[in-house]
Amino acid sequence: MNTDTKDYSKRYENTLVAILFFSWGTVFLDRMSQLYLAPYIAPEFHLTHEQVGMLASVLAITWAVSTLFFGALSDRFGRRKILIPAVFAFSLLSWLSGVAHTFQQLLLVRALMGIAEGPCWSIMTAIIEESSIPSRRGRNIGIVVSAGALVGLAVAPVLTTQIAARFGWRWAFFVAGAPGILMGLLIWKFVKEPQHDATEGREPQAETHHRVRLKDYFSILRYRNIWLCCIGAAGFISWLFLSNVFAPLYITEVAHQAPTTAGFLLGATGLGSFILGFLLPSLSDRLGRKPVLLAMAAMSALVPLVLLIPPLYAYPWLLAAILLLTNAGQGMPTLVMVLIPTESVPPQFAATSIGLATLVGEIVGATIAPTLGGALAESHGLGITLLMAAGGTGIVFLAALFLKETAHIKSTAPSTKSNNGP
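The notes below deal with the structure included here.

Thresholds, definitions, all that
Residue indices begin from 1 for each chain and proceed along its sequence in written order. Whole-chain, interface and lining totals are the exception, using all residues; otherwise, since this is a predicted model, local features are given only for residues with pLDDT of at least 70 and side-chain atom pairs are given and counted only at 80 or more. Side-chain measures were taken over the full set of non-hydrogen atoms in the model, leaving aside hydrogen atoms and water. Runs of H or I in DSSP of at least four residues are treated as helices and runs of E of at least two as strands, each being numbered from the N terminus. Buried residues are those whose accessible area, probed at 1.4 Å on protein chains only, stays under 20% of the maximum for their type, while exposed residues exceed 50% and partly exposed ones sit between those limits. Contacts: residue pairs with any heavy atoms within 4.5 Å of one another. Counting rule for disulfides: a pair of cysteine sulfur atoms within 2.5 Å. The working definition used for a salt bridge is a side-chain nitrogen of Lys or Arg within 4 Å of a carboxyl oxygen of Asp or Glu. For patches, a residue must show more than 30% relative accessible area and have no salt bridge; joins then use 9 Å for like charges and 5 Å for nonpolar side chains, namely Val, Leu, Ile, Met, Phe, Trp and Tyr. Note that accessible areas follow from Shrake-Rupley with a 1.4 Å probe, and for residues the cover is restricted to the protein chains shown. The nonpolar core is taken to be a set of buried Ala, Val, Leu, Ile, Met, Phe, Trp, Tyr and Cys residues, with the residues joined through side-chain atoms within 4.5 Å. What a helix should span is 1.5 Å times the count of its residues minus one. Two axes enter the bend calculation: one fitted to the seven residues ending at the residue in question, the other to the seven starting there, and the bend is the angle between them. Fitting a line to C-alpha atoms yields each axis, with helices limited to the stretch in contact; the angle taken between N-to-C directions then spans 0 to 180 degrees. Classification used: nonpolar for Ala, Val, Leu, Ile, Met, Phe, Trp, Tyr, Cys and Pro, charged for Asp, Glu, Lys and Arg, polar for all others including Gly.

1. Re the overall build of the protein chain
- Regarding its fold elements, the protein chain presents 15 helices and zero strands.
- When each of the 422 residues of the protein chain is scored for burial, the buried share is 57%.
- When contacts within the protein chain are restricted to residue pairs at least 6 apart in sequence, those whose partners lie at least 24 apart make up 85%.

Listed below in structure tokens is the structure:
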């Protein structure tokens, strides 16, 4: 490859990372907005706590199913054909959330939004993985995935609640949906269909889409790493949702801190998740996926555990610093839900492998775990939910112990991919 071609390839790779960074941030903005706007929506619609939970659960369930289904379709028919309509669709559905007038209408819109947003996760990460050279895959995916922490966990709560306080919650949904239209246009204009045989370390994949049969998709279940990644994804998403749903309640109701203190602490941990979320996956390109995943799981377990230590609340800046330096949560999905699955299966099943891990993770972590945690909190107190969150990272750690290393396998010896199998 001549110098001009290499320079162009690197420029395109950087452009792709930038576009998909903001695109994924927009997806997470639209998904998380509903959680932060619940205090404004619930009184108007006279919602119970159960109904508020249903709005989050229905989106998680439809997201889980669609990320696998449409991810598999993109493996067969191409990424752009599925991704571009999905981006425009979830943006329009965010606007429709703002015009709902009953709980049933909002429930339907959020269910449809899950269907539209689910493919964005598996397809965006697959495009990055396929378009990056091996030495930058962890870095690039880590950067894109970290947008969820920056936009969804740091910007979204401030942006949506400020708009809702001044103009009403409906306008917050309108504003949240607007960036998606722009990102859809940028993806349509600048993002190319990945060519597997043109990427360093890739096996040629010319003319594979039409040869793949339905039963071939089930072949990914032969790979041990896929099963372990599904378990790890369940642990990570359990940690994510148990922490985000119940930590604010624990800080205010049990630790008796002001809501502003809770916001300060959660903002600090969200910022840490953003920073570590792209720094640590970058290290996995050189140190290996497995050791970095083990480190991230161990570090992130401290996030809910330190919140259970009452004396630390007397020193909020110290507690915030601990949370910032230990929350490596957004780096975990980069490895356990994207890189390790895609590096463990043939390239024509990349998005399918991401979708399968996400399906299991969303059902267990975003639907079952918060419901179970809420029920246990009624009888054992809110502290049990933070212990459960730490247990989620323990599951990630245990799954990582048995994973087979995948870093650099394709770049050094593509033919050894089968060694990641059963």
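2. Thoughts on the side chain of R289
- Position of R289 among the secondary structure elements: in helix α10 (residues 289-306).
- Not counting chain neighbours up to four residues away, the residues in contact with R289 comprise R137, G138, P281, S284, L335, L339, I340, E343, E405, T406 and A407.

3. Things to note about the environment of R139
- Considering the arrangement of structural elements, one finds R139 in helix α5 (residues 137-167).
- Residues R139 and S284 lie 145 residues apart in sequence; the distance between their C-alpha atoms is 8.2 Å.
- The residues contacting R139, other than those within four sequence positions of it, are E13, N14, P281, S282 and D285.

4. Side note on unusual backbone geometry
- Of note in the backbone geometry, H46 takes a positive phi value of approximately 55 degrees without being a glycine.
- Position of H46 relative to the elements: it lies in the loop between α1 (3-45) and α2 (49-77).
- Even without being glycine, H256 reaches a positive phi, approximately 60 degrees.
- Along the chain, the position of H256 falls in the loop between α8 (224-254) and α9 (259-287).

5. Focus: the state of the cysteines
- Tallying each qualifying case throughout the model produces zero disulfides.
- A disulfide-free cysteine, C230 has its sulfur positioned 7.3 Å from the sulfur of C229, the nearest such atom.
- Here C230 falls in the buried class, since its relative accessible area comes to 10%.

6. Quick look at the pattern of salt bridges
- In total, this model carries seven salt bridges according to the counting rule given.
- R136 serves as the salt-bridge partner of E13, at 2.7 Å between the closest nitrogen and oxygen. Taken together, the residues span a long stretch of sequence, with E13 in helix α1 and R136 in the loop between α4 (103-131) and α5 at a distance of 123 residues. Take E13 and R136: they sit in the same class, and that class is buried.
- The salt bridge involving R79 is made with D75; its shortest N-O contact spans 2.6 Å. Comparing R79 with D75 shows no difference in burial state: the two are buried.

7. Here's the deal with a nonpolar patch on the surface
- A cluster of nonpolar side chains, I363, V364, I368 and L372, forms an exposed patch at the surface whose accessible area comes to about 300 Å².
- Note on L372: relative accessible area 43%, which makes it partly exposed.

8. Some words on the nonpolar core
- Core analysis: the largest hydrophobic core is formed by 97 residues, its most contacted members being L20, W24, M124, I187 and L293.
- A total of 13 residues in this core trace back to one element, the largest contributor, which is α8.
- Ignoring sequence-local partners within four residues, the contact set of L20 consists of M124, I127, I128, V144 and I187.
- By size, the runner-up hydrophobic cluster in this structure holds 14 residues, among which are L37, I41, L55 and L106.

9. Focus on α8
- Relative to the 45 Å expected for 31 residues at 1.5 Å per residue, α8 spans 42 Å between its end C-alpha atoms, a close match to the ideal helical length.
- Its maximal kink placed at F246, α8 deviates by approximately 40 degrees, while the proline P248 follows within four residues.
- Taken from the residues just after α8, H256 is the one with a positive phi, measuring 60 degrees.

10. A short note on the packing of helix α13 (residues 350-380) against helix α14 (residues 383-401)
- Between α13 and α14, whose axes approach to 7 Å, the crossing angle comes to 140 degrees. Here α13 contributes A369, L372, G373, L376, A377 and H380 to the contact with α14, which in turn contributes I384, T385 and M388.
- Within the contact of α13 with α14, the residues separate by chemical class into six nonpolar, three polar and no charged.

11. With respect to α13
- An ideal rise of 1.5 Å per residue puts 45 Å on 31 residues; α13 measures up with 42 Å between its terminal C-alpha atoms.
- At I368, α13 shows its strongest bend, of approximately 35 degrees, with the proline P370 following within four residues.
- Downstream of α13 by a residue or two, G381 has a phi angle that is positive, lying close to 95 degrees.

12. Some thoughts on the side chain of S238
- Examined against the element boundaries, S238 turns out to sit in helix α8.
- S238 gets classed as buried once you look at its relative accessible area, which sits at 10%.
- Not counting residues within four places of it along the chain, the set of residues in contact with S238 comprises V364, G365 and A369.

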